[in-house]
Structure formats: structure tokens, C-alpha cells
Amino acid sequence: MVSFKELGLVNTKKMFEVALERKFAVPGYNINNLEQLQAIIIGCGESESPVIIQISQGARAYANQTMLRYLAQGGVRMAMELGYSLPLVLHLDHGSSFELCKACIDDGFSSVMFDGSHLEYEENIEVTKKVVEYAHERDVSVEAELGVLAGIEEHVKSDVHHYTEPGQVEDFVSRTGCDSLAISIGTSHGAYKFKVEKEEDIPELRFDILQDVRKRLGKFPIVLHGSSSVLKKYVDTINNFGGSLQKAFGIPEEQLRKATQYGVSKINIDTDGRLVFTAMIRKYLYEHPEHFDPRQYLGPARQELIEMIKRKNKEVLGSAGQAIYIK
Ligand code: G3H
Ligand code: 13P
Ligand code: ZN
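Presented here is an overview of the structure given in this document. (Residues numbered from 1 in each chain as written. Chains lettered and ligands numbered in written order. Predicted model: local features only at pLDDT ≥ 70, side-chain atom pairs only at ≥ 80, totals over all residues. Heavy atoms only, no water.)

## Brief notes about the coordination of the zinc ion (ligand 3)
To be explicit about the condition: Atoms are scored as donors when they are N, O or S and lie within 2.8 Å of the metal, with 3.2 Å used for Na, K and Ca; no water is included, so coordination may look incomplete. Where helices and strands are cited, they refer to DSSP runs of H or I of at least four residues and of E of at least two residues respectively, numbered from the N terminus. Throughout, exposure labels follow a simple rule: accessible area from a 1.4 Å probe, protein chains only, divided by the maximum for the residue type, with under 20% read as buried, over 50% as exposed, and the rest as partly exposed.
Coordination of the zinc ion (ligand 3) by the protein is provided by His 94 (NE2), His 189 (NE2) and His 225 (ND1), with metal-donor distances spanning 2.0 to 2.1 Å. Each donor residue of the zinc ion (ligand 3) lies on one chain, and together they are spaced H-x94-H-x35-H. Separated by 36 residues along the polypeptide, His 189 in the loop between strand 8 (180-183) and helix 8 (207-217) and His 225 in the loop between strand 9 (222-224) and helix 9 (232-240) bring together distant segments of the chain. On the accessibility criterion, His 189 (24% relative accessible area) is partly exposed.

Structure below.
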């Protein structure tokens, strides 16, 4: 058992207080490997942005849970050595059970998500509350979810959005004691978020629901999952170098900017990082067919991810330069 404090991590409390006050969203970036973690540390360090490093169940299965914990710990040390003053949260993304949340808390995570969005309302409350009780005794933050995003989540598959019912949020938050709430307003996971032919046909998110939730919860951190923008530049590069991603569309960045002004305090981005990596690796290997050292193609992919993170923090989330207010 290890406390996140021994690892040099922080929980989300102060981060969200400042985000709500200063109207920006903290990025939730997912990792599965070393290069993604390095890119997040450098990208957020250089843009002076707080960051939530997210580990999904899939990531734990892929990279080994113990390995990931030490990797995160290494990230904290690396940030210090590079002279970054970087508030860093280690977060379980889409935890499906109390047991998994507990295991992560015992392993040094400073925040966990219990995703009971697929459960009946009362059952979601019951398990979320149990996670909150265990987490809060250890000063760990808890994200919960109400409403189901369309698409496939690790253990949740839905063909349609079940938008969050604003009438439920006050009761849910007060009875569970959760620290932040993920809501469903039209975002979804992955690279195919809309069944449209062209970018111009992408519909608006349900800002009416967001505003209603915000009004009811007041200054309470709201989270948006499934918020990659599926940038055309990287989709085109993938397709130009042998890939095949058809009709891949994400959430336009101006809609995310708007969401930050309406009280969204955390925005989750995974797919955009995956696209950057795949695009750069495909391009590199095509242009350098004689190369076989992973550092040669992973290096440029990591560098491009750093650039993407810096730009998102600055131009979309508004988190760049905010780290100094969080200590
Ligand atoms: O919400 C889903 C995240 O993008 C994690 O994806 O389950 O494939 O690791 P994953
Ligand atoms: P994207 O698939 O849109 O990147 O969403 C990631 C996410 O919500 C992680 O929890
Ligand atoms: Zn998610």
C-alpha cells in the first residue's frame, strides 16, 4: 500500500477549484506507454499546465499495473529534474468496480473514476458512495458519471446517447459525495463520433443540458469524456501513408472552448494522441524504409504529441500557464 502523497502526486481538489475560478479545463490525457507519458510531462511542463494522467483498465492490462505505477512515479521525478512545477494527478479512467478503484487507491493513484453510468440510478449511487468513502479516507478524489455516451466504453456499449438528466444531478452529487461529475451531452469515445459525411454537418453539443447542470450544481467540477477533435491533419496523414480511416470526425475545438466557459473543468483526450502517434509512425516508416530502430520512429511521434498537447492546453483548454495558481 502506498499513498499518492509519497509519490509526489496531488488530488484534484485544488486543481478544480482553480479551474472553476479561472474558467479553464484541466486536460485528462491517457497513457499506455513510456513515450506518451514523456510527451505529457514535457508538453504540460513546457506549457505550465496542470494535468491528469489517465490510466484505463485496458492500459493496466496492456502495460502491467505495477509498471504503470512506477512509470507515473518516474514521470513525477522527471518533471522535477526538468525544473517543471507540475501539479500531477494519477487517475483511474472508467473504473468498473469498487474493487478496481480500491486497488488503484492502494497502489498510489490520487484520483479514481467509478463509472456506474450503465447501472440503474440507485445502484450507481450505492457503488459510487462506497468508492467515495474509501477514497476520501485517504484524501483521494472521485469522479462519477451520470448518462451514457454513445459508442463503446470499456465495459459500456451503447448505440445512442443517453443524455444526462439534469433533474438527477443534485441528488446524485449530494448522496454520493463525488468530487466531479462526467456528463453526457453528445460527446463519445473514439474516432467516429458522428454519422455525418462532412465536417460542416457535425451537430452542436447539448449546451442546454450543460447549462442546466451547471445551474443546478453551481461551482462544481463537470467532466467531458470523449472530447478528442479527430484532427483532419492527422487523419489525412494516416490515410496518405497506407491507413484507412473513413468519415472520422470529432468534437470541433471551438465547441470545447465554449464548454470551458460553461463550467467544464476537465476534458478527456485519448484518441487525438493515438492519431498523432499513428500518423507520425506511418509517415516515418514510409519515408525511411531502411530504418528499424524504434527510437527513430517513436521519437518524432513523441515530439509531435508534445506539440499537440502544448497547443491544446493553450488554445483549447485554457490550462496553459495555470499551474502556478495550484500550489
Ligand atoms: O475512455 C476510453 C479511453 O480512451 C481509454 O481507452 O480502454 O482503449 O484504453 P482504452
Ligand atoms: P476520446 O476517445 O474522444 O479521446 O475520449 C477519451 C476519454 O474519454 C477517456 O476517458
Ligand atoms: Zn472516457
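## Thoughts on the sheet that holds strand 4 (residues 111-114)
Note the cut-off: By definition, two strands form a pair when at least two bridges between them are found by DSSP. Lines fitted to C-alpha atoms define the axes, with helix axes restricted to the stretch in contact, and inter-axis angles between N-to-C directions lie between 0 and 180 degrees.
One closed barrel accounts for eight strands, arranged 1-2-3-4-5-8-9-10; its pairing is parallel. Pairs of neighbouring strands in the sheet enclose a mean axial angle of 25°, with direction left out of account. The sheet contact formed by strand 1 (residues 26-30) and strand 2 (residues 51-56) spans three bridges and is parallel. Counterpart to Asn 30 in the pairing with strand 2 is Gln 54.

## Details of the pairing of strand 3 (residues 88-95)
Stated precisely, the cut-off is as follows: Whether a crossover is right-handed depends on one test, that the path from the first strand over the helix to the second runs clockwise when the strands point away from the viewer.
Among the eight residues in strand 3, eight count as buried, and that is most of the element. Sheet analysis places strand 2 next to strand 3, joined by six bridges and oriented parallel. When the bridges of strand 3 are listed, Val 51 appears paired with Leu 88. With three bridges joining them, strand 3 and strand 4 adopt parallel strand pairing. Across the sheet, the residue bridging to Gly 95 is Phe 114, located in strand 4. In this fold, the crossover linking strand 3 to strand 4 by way of helix 5 (residues 98-106) has right-handed handedness.

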